[in-house]
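# A closer look at the structure
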Amino acid sequence: MPSAQRSLIRPRIHHRDIKERLVEAFLFICATSAVAVTTAIVVVLVYESAGFFERVSIVDFLTDTMWTPLFAEARYGILPLLCGTLLAAGVALLVAVPLGLMVALYLSEFAPVKVRESVKPFLELLEGVPTVVYGYFALLFVTPLLQNVIPDLPGFNVLSPGIVIGIMIVPYVGSVSEDAMRAVPNALREASYACGATRLQTTLRVVMPAAASGIAAAFVLGIARATGETMVVAIAAGQQPNLTLDPTEPAATITAYIVQVALGDLPHGSIGYQSIFAAGLVLLLITLLFNILAHLLRMRFREAY
Amino acid sequence: MSAVVTAVPFATQSVSADPKVKSRIRGLNFYYGNLQALKNIDMVVYEHAVTALIGPSGCGKSTLLRCFNRMHDLTPHTRYEGEIRLYPDDVNIVSSDIDPIEVRMRISMVFQKPNPFPKSIYENVAYGLRVRGVKARSELDGRVEAALRGAALWEEVKDRLEEPGTALSGGQQQRLCIARALATDPEIVLFDEPTSALDPIATASIEDLIISMAGSVTILIVTHNMQQAARVSSYTAFMYLGELVEYGPTTELFTRPRHQRTSDYLTGRFG
Ligand SMILES: Nc1ncnc2c1ncn2[C@@H]1O[C@H](COP(=O)(O)OP(=O)(O)O)[C@@H](O)[C@H]1O
Ligand SMILES: [Mg+2]
């Protein structure tokens, strides 16, 4: 027989339940509002772009080689902007990949614990430098420096902001790849050393390949950042859309165009106004693509460990 | 002191009449920072025999084993004192003048948990050769096959050498790690509780393998399983709190332990 003191199991729904439900509802609202805002942004973007595409055909948008929405004879080809964007991101990547890898390799495999612990916060600090600062750094310091090497380099060009964006994302790329390398189990390093490998061999032949998908994800996220980067290119690349693959020429990127137009006062609903939404939509799709790719790479990395 | 161990089967591994000394440990002390983990160890390791290190957890078995391939050099603030002489070279391999990489080229290791690289079966075995600069495909092929045969894995994997080593079963992964350790023709192979992560069937096959390897290579094995020590080894060292309490032919140590601690441990009174 159960003892007499035993409390009865009461039916559900009393004050404790209600309180818990209120908290739950509140948290649910918080969580959904974040999603709702994002969704709203996408909806506005798509809605305004739809207005744009009623006036400009998608084929023209994707194939025309001129982007001059504010001229009397307006042309709406996204290619020059896309080209400027990818060119700047490409230059940035050429700088960020080797530097970021070296930073990550050094911090993860070579640096004494003390050095690593003091350098990492410093890297994160660098991530917080306002991008305007980098923009002027590109325009007023890197460009003149480059002009010493390439005498007829124009004051506005893609090369200089590309390099600076590359430097700018090194801390991010480096610290994310470092996390990936440090997630490689120590048992693998021990196995490598026990086979007679040096530290460098262990790093290059075991740790890096084992972390490859994680490192790749870091770089893809780095590109996503570089393509979304606004201030540096707006300041140092000039603002003329230019269909070229030559980084020594001036050009505009999608983000630079958006800033330029958004700063002027275009009438609401005008085609120039709508064009920034169409450009923004393209940018969103590109970044989304990179983020999905990075996500897939990370899943692969997680699966392995 | 009477013979007390009846539960443990007798060692089946015989002791040769005139064994050659492969290595001699003299006055070995080892420190992790201020913690002295090995205290004045003196011991002889015989060539082409299996020597087991037993003792309760934390007594320093792994620490002693890892002195042999200088693994401790990877941990900051560690210090060796004394000697581990390796013959026929007659050098002290824990001396700071000796390059640990040279030592690891001669003395390889198999770990507690199978730790194949996320590479193909072939590349796992070839790894030690590649870091030594062997590039010729024919040489690699031959030595990879020989090592896989030596680890009794060849028949199971010969048709899928390009598959990832991590896709094998636990027991196969451990044999792959043994093949990796054998590929470079080591003089000594160190085993640190190589079967503690494996099921009984895989364990039995690894034990058979260790016994068969002893004909051509010197083996040191850490085990917390006394039956395993009895089955595979010719010599056994019993350690306690960083000291070597008793060392001798496995049969003698198990049937006529000279120290009270040894017999207490063997009969399961502690540890
Ligand atoms: N990396 C380390 N740093 C500090 N102390 C350690 C380290 N590894 C082992 N020890 C200590 O050294 C002693 C022996 O450990 P170990 O050789 O691993 O024992 P066993 O293998 O016999 O279980 C233990 O007291 C353990 O806590
Ligand atoms: Mg141990």
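Remember, it's a predicted structure, so these values are computed and weren't measured experimentally.

Definitions and cut-offs
Residues numbered from 1 in each chain as written. Chains lettered and ligands numbered in written order. Predicted model: local features only at pLDDT ≥ 70, side-chain atom pairs only at ≥ 80, totals over all residues. Heavy atoms only, no water. Helix = DSSP H or I, 4+ residues; strand = E, 2+ residues; numbered from the N terminus. Rg over C-alpha atoms; globule rule 2.2 N^0.38 Å. Buried < 20%, exposed > 50% of the residue type's maximum accessible area, 1.4 Å probe, protein only. Lys, Arg positive; Asp, Glu negative; His and termini not counted. Charge placed at Lys NZ, Arg CZ, Asp CG, Glu CD. Pairing = 2+ DSSP bridges. Axes fitted to C-alpha atoms, helices over the stretch in contact; angles between N-to-C directions. Contact = heavy atoms within 4.5 Å. Disulfide = S-S within 2.5 Å. Buried area = accessible area lost by both parts, 1.4 Å probe. Salt bridge = Lys/Arg side-chain N within 4 Å of Asp/Glu carboxyl O. Polar contact = N/O pair within 3.5 Å; in protein donor to acceptor, adjacent residues only side chain to side chain. Nonpolar A, V, L, I, M, F, W, Y, C, P; charged D, E, K, R; others polar. Left-handed = near helix turned anticlockwise from the far one by under 90°. pLDDT = per-residue confidence, 0-100. 1 Å grid on protein atoms, 1.4 Å probe; cavity = no way out; pocket = protein on both sides within 12 Å on 5 of 7 lines; lining within 4 Å. Points joined across faces, edges and corners; volume = space filled by probe spheres on them. Near = heavy atom within 4 Å. Areas by Shrake-Rupley, 256 points an atom, 1.4 Å probe, with all protein chains shown as cover.

Of regular secondary structure, chain A possesses twelve helices and zero strands. Starting at the N terminus, the α and β elements of chain A follow one another as α-α-α-α-α-α-α-α-α-α-α-α. Taken against the 2.2 N^0.38 rule, which gives 19 Å for 305 residues, the C-alpha radius of gyration of chain A at 26 Å runs more than 25% over that of a compact globule. By its C-alpha atoms, chain A is 95 × 60 × 35 Å across when sized along the principal axes. Counting across all 305 residues of chain A, residues that qualify as buried make up 45%. One finds the centroid of the 19 positive side-chain charges in chain A at a distance of 18 Å from the centroid of its 21 negative side-chain charges.

Once that is clear, we can look at the sheet that holds strand 9 (residues 235-240) of chain B. Residues and elements named next belong to chain B. Across the sheet, six strands lie side by side as 6-7-8-3-9-10; this open sheet has mixed pairing. Only two strands of the sheet have a single partner each, and these edge strands are strand 6 (107-110) and strand 10 (243-249). Between one strand axis and the next, the sheet turns by 20 degrees as a mean value, whatever way the strands run. Direction of pairing for strand 9 relative to strand 10: antiparallel, over a ladder of six bridges. Bridging from a neighbouring strand, Tyr235 pairs with Pro249 of strand 10. Helix-sheet contacts for helix 1 (residues 61-68) involve strand 3 (50-54), strand 6, strand 7 (188-192), strand 8 (218-222) and strand 9, and the interaxial angle to strand 7 is about 155 degrees.

Moving on: the state of the cysteines. According to the stated counting rule, one finds zero disulfides over all chains in the structure shown. We note that Cys195(A) lacks a disulfide partner, and the nearest cysteine sulfur, in Cys177(B), lies 8.9 Å from it. A relative accessible area of 9% means that Cys195(A) is categorised as buried.

So, about the interface of chain B and chain A. With 22 residues of chain B at the contact, the number on the chain A side is 18 residues. Taking both partners together, chain B and chain A bury about 1500 Å²; carbon and sulfur atoms supply 64% of that area. At the junction of chain B with chain A, the criterion picks out one salt bridge. The tally of links between chain B and chain A comes to six residue pairs in polar contact (both at pLDDT 80 or more). The element that contributes the greatest number of residues to the side of chain B that touches chain A is helix 3 (residues 121-131) of chain B, accounting for four residues. A breakdown of the residues in the side of chain B that touches chain A according to their chemical character gives twelve nonpolar, four polar and six charged.

Turning our attention to the packing of helix 3 (residues 79-110) of chain A against helix 6 (residues 159-182) of chain A. All names here are of chain A. Closest axis-to-axis distance for the helix 3/helix 6 pair is 6 Å, and the angle between their directions is 35 degrees. Crossing hand, helix 3 versus helix 6: right-handed. Residues of the contact of helix 3 with helix 6, tallied by class, amount to 18 nonpolar, six polar and three charged.

Okay, the confidence of the model for chain A next. When pLDDT is averaged along chain A, the result is 86; 96% of the residues meet or exceed 70. No element of chain A has a lower mean pLDDT than helix 10 (residues 231-236) of chain A, at 82, and none a higher one than helix 7 (residues 186-194) of chain A, at 95.

Moving on to the layout of surface pockets. Counted as a void, the largest pocket has a volume near 640 Å³. Taken together, 19 residues form the lining of the largest pocket, with Glu109(A), Asn186(A), Arg189(A), Arg199(A) and Leu74(B) sitting closest to its centre. For the lining of the largest pocket, the leading source of residues is helix 7 of chain A, giving four residues. Per-class residue counts for the lining of the largest pocket are eight nonpolar, three polar and eight charged. In this structure, the second largest pocket spans a volume of roughly 250 Å³. Along the walls of the second largest pocket sit Arg143(B), Ala146(B), Ala147(B), Gly150(B), Leu182(B), Ala183(B), Asp185(B), Pro186(B), Ser212(B), Met213(B), Ser216(B) and Val217(B), which together make up its complete lining. Broken down by secondary-structure element, the contributors of at least two residues to the lining of the second largest pocket are helix 4 (137-150) and helix 7 (200-213) of chain B. Take the lining of the second largest pocket: its biggest share by element is four residues, from helix 4 of chain B. A class-by-class count of the residues in the lining of the second largest pocket yields seven nonpolar, three polar and two charged.

Here we come to the side chain of Thr68(A). All names here are of chain A. Residue placement: Thr68 occurs in the loop between helix 2 (58-63) and helix 3. Accessibility expressed as a relative area gives 9% for Thr68, which makes it buried. Here the side chain of Thr68 touches Glu73 through a polar contact of 3.4 Å, landing on its backbone oxygen. Discounting chain neighbours no more than four positions away, the residues touching Thr68 are Glu73, Ala74 and Arg75.

Residue and element names in this part refer to chain B. Close contacts around ligand 1 come from Tyr32, Leu35, Ala37, Ser57, Gly58, Cys59, Gly60, Lys61, Ser62 and Thr63, and that covers them all. Between a nitrogen atom of ligand 1 and a side-chain N or O atom of Tyr32, the distance comes to 3.3 Å. Residue Cys59 places a main-chain N or O atom 3.3 Å away from an oxygen atom belonging to ligand 1. Taking 560 Å² as the accessible area of ligand 1 by itself, protein coverage stands at 59%.

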